[in-house]
Amino acid sequence: MKIFNHAIQEVIHEMAADDLDEIQRELVFLLNSDKLILMKKVLYLAGLLSAMAFVTGWFFGLMRFPGAFELQVYGSVAFFFIYVPMMTMDYFKTNTRGALSEKLKVILGLACALLLGVAGIFKLMHLQGTRTILIMGAVVCIFGFLPFFFFSMYKKSIS
């Protein structure tokens with residue numbers, strides 16, 4: 001019995017060094033690969049269209065064409081409230097085993113992007129509170145996101 005248990009442990013170790021979770025993740029990926037590919041296409045299409053709308057609106061504004069303001073606002077809203085959260089959800093779905101510092105980096109990056117995006121939209125629409133939201137976004141970025149970002153870069157460079 002001892003020999004069998006030892007043999008089964010060796011086989012499991014050879015099949016999947018990171019335990020059986022790796023095999024299960026690969027199985028789930030293979031079973032859902034069509035859905036994942038479709039999701040990635042929708043995700044990147046949403047990012048492309050929102051960025052194109054914002055840049056086109058910016059160009060129209062420089063050229064004094066009609067519709068510039070609407071394109072900038074709709075492009076910004078789509079980018080910051082559709083594309084960025086979808087990218088964050090995709091990150092958490094694909095990187096389930098990440099360290100806490102990596103997860104905090106992504107969450108703080110999302111908060112920073114959303115706050116700065118809202119500040120930009122408020123600025124475009126000349127709404128009150130822009131300065132406060134911009135300061136909050138800058139504080140989250142400077143004291144939250146950037147330390148985690150550079151710490152993770154440092155850890156990767158020494159390993």
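Remember, it's a predicted structure, so these values are computed and weren't measured experimentally.

Quick notes on the rules
Residues numbered from 1 in each chain as written. Predicted model: local features only at pLDDT ≥ 70, side-chain atom pairs only at ≥ 80, totals over all residues. Heavy atoms only, no water. Helix = DSSP H or I, 4+ residues; strand = E, 2+ residues; numbered from the N terminus. Rg over C-alpha atoms; globule rule 2.2 N^0.38 Å. Buried < 20%, exposed > 50% of the residue type's maximum accessible area, 1.4 Å probe, protein only. Contact = heavy atoms within 4.5 Å. Areas by Shrake-Rupley, 256 points an atom, 1.4 Å probe, with all protein chains shown as cover. Lys, Arg positive; Asp, Glu negative; His and termini not counted. Charge placed at Lys NZ, Arg CZ, Asp CG, Glu CD. pLDDT = per-residue confidence, 0-100. Polar contact = N/O pair within 3.5 Å; in protein donor to acceptor, adjacent residues only side chain to side chain. Expected span 1.5 Å × (residues − 1). Axes fitted to C-alpha atoms, helices over the stretch in contact; angles between N-to-C directions. Parallel < 35°, antiparallel > 145°, perpendicular 65-115°, else oblique. Left-handed = near helix turned anticlockwise from the far one by under 90°. Nonpolar A, V, L, I, M, F, W, Y, C, P; charged D, E, K, R; others polar. 1 Å grid on protein atoms, 1.4 Å probe; cavity = no way out; pocket = protein on both sides within 12 Å on 5 of 7 lines; lining within 4 Å. Points joined across faces, edges and corners; volume = space filled by probe spheres on them.

Caption draft 1: The overall build of the protein chain, seen in detail. When its secondary structure is counted, the protein chain shows six helices and zero strands. Taken against the 2.2 N^0.38 rule, which gives 15 Å for 159 residues, the C-alpha radius of gyration of the protein chain at 22 Å runs more than 25% over that of a compact globule. Projected onto its principal axes, the C-alpha coordinates of the protein chain cover approximately 80 × 35 × 25 Å. The 159 residues of the protein chain split such that 19% are buried. In the protein chain, once contacts between residues fewer than 6 apart in sequence are set aside, the share between residues at least 24 apart is 54%. Surface summary for the protein chain: the accessible area is close to 11700 Å², and the carbon and sulfur share equals 73%. Between the averaged position of the 14 positive side-chain charges in the protein chain and that of its 11 negative side-chain charges there is a distance of 14 Å.

Caption draft 2: Summary view of the confidence of the model for the protein chain. For the protein chain, per-residue confidence averages 87 on the pLDDT scale, and 96% of positions sit at 70 or higher. Ranking the helices and strands of the protein chain by mean pLDDT puts helix α6 (residues 130–158) first, with 92, and helix α2 (residues 21–31) last, with 75.

Caption draft 3: Up close: the side chain of K105. Looking at the element boundaries, K105 is found in helix α5 (residues 100–125). Polar side-chain contacts of K105 include one of 3.5 Å to the side chain of S152. Excluding its chain neighbours within four sequence positions, the residues that come into contact with K105 are F145, F148, F149 and S152.

Caption draft 4: Fine view of α5. Counted at 1.5 Å a residue, the expected span for α5 with its 26 residues is 38 Å, and the 37 Å between its end C-alpha atoms agrees. Within α5, the full set of buried residues consists of E102, K105, V106, G109, C112, G117, V118, A119 and I121. Close packing links the buried residues of α5 with α4 (68–94) and α6.

Caption draft 5: Region of the structure containing the packing of helix α3 (residues 33–63) against α4. At a minimum axis separation of 8 Å, α3 and α4 run at an interaxial angle of 155°. The orientation of α3 relative to α4 falls into the category roughly antiparallel. For the crossing formed where α3 meets α4, the hand is left-handed. Split by residue class, the contact of α3 with α4 holds 17 nonpolar, eight polar and three charged.

Caption draft 6: Quick look at unusual backbone geometry. With a phi angle near 60°, R64 is a residue other than glycine that sits in the positive phi range. By secondary structure assignment, the location of R64 is in the loop between α3 and α4. Look at H126: it is not a glycine, yet its phi comes out positive at around 55°.

Caption draft 7: How the structure looks around the layout of surface pockets. As a volume, the largest pocket reaches approximately 360 Å³. Listed by contribution, the elements that provide at least two residues to the lining of the largest pocket are α2, α3 and α4. The greatest single-element share of the lining of the largest pocket, amounting to four residues, is contributed by α3. Split into classes, the residues belonging to the lining of the largest pocket amount to four nonpolar, three polar and five charged. Approximately 160 Å³ is the volume attributed to the second largest pocket. Looking at the second largest pocket, the residues that line it are Y83, V84, M87, T88, V106, G109, L110 and A113. Secondary-structure elements contributing two or more residues to the lining of the second largest pocket are α4 and α5. In the lining of the second largest pocket, the residues fall into six nonpolar, two polar and no charged.

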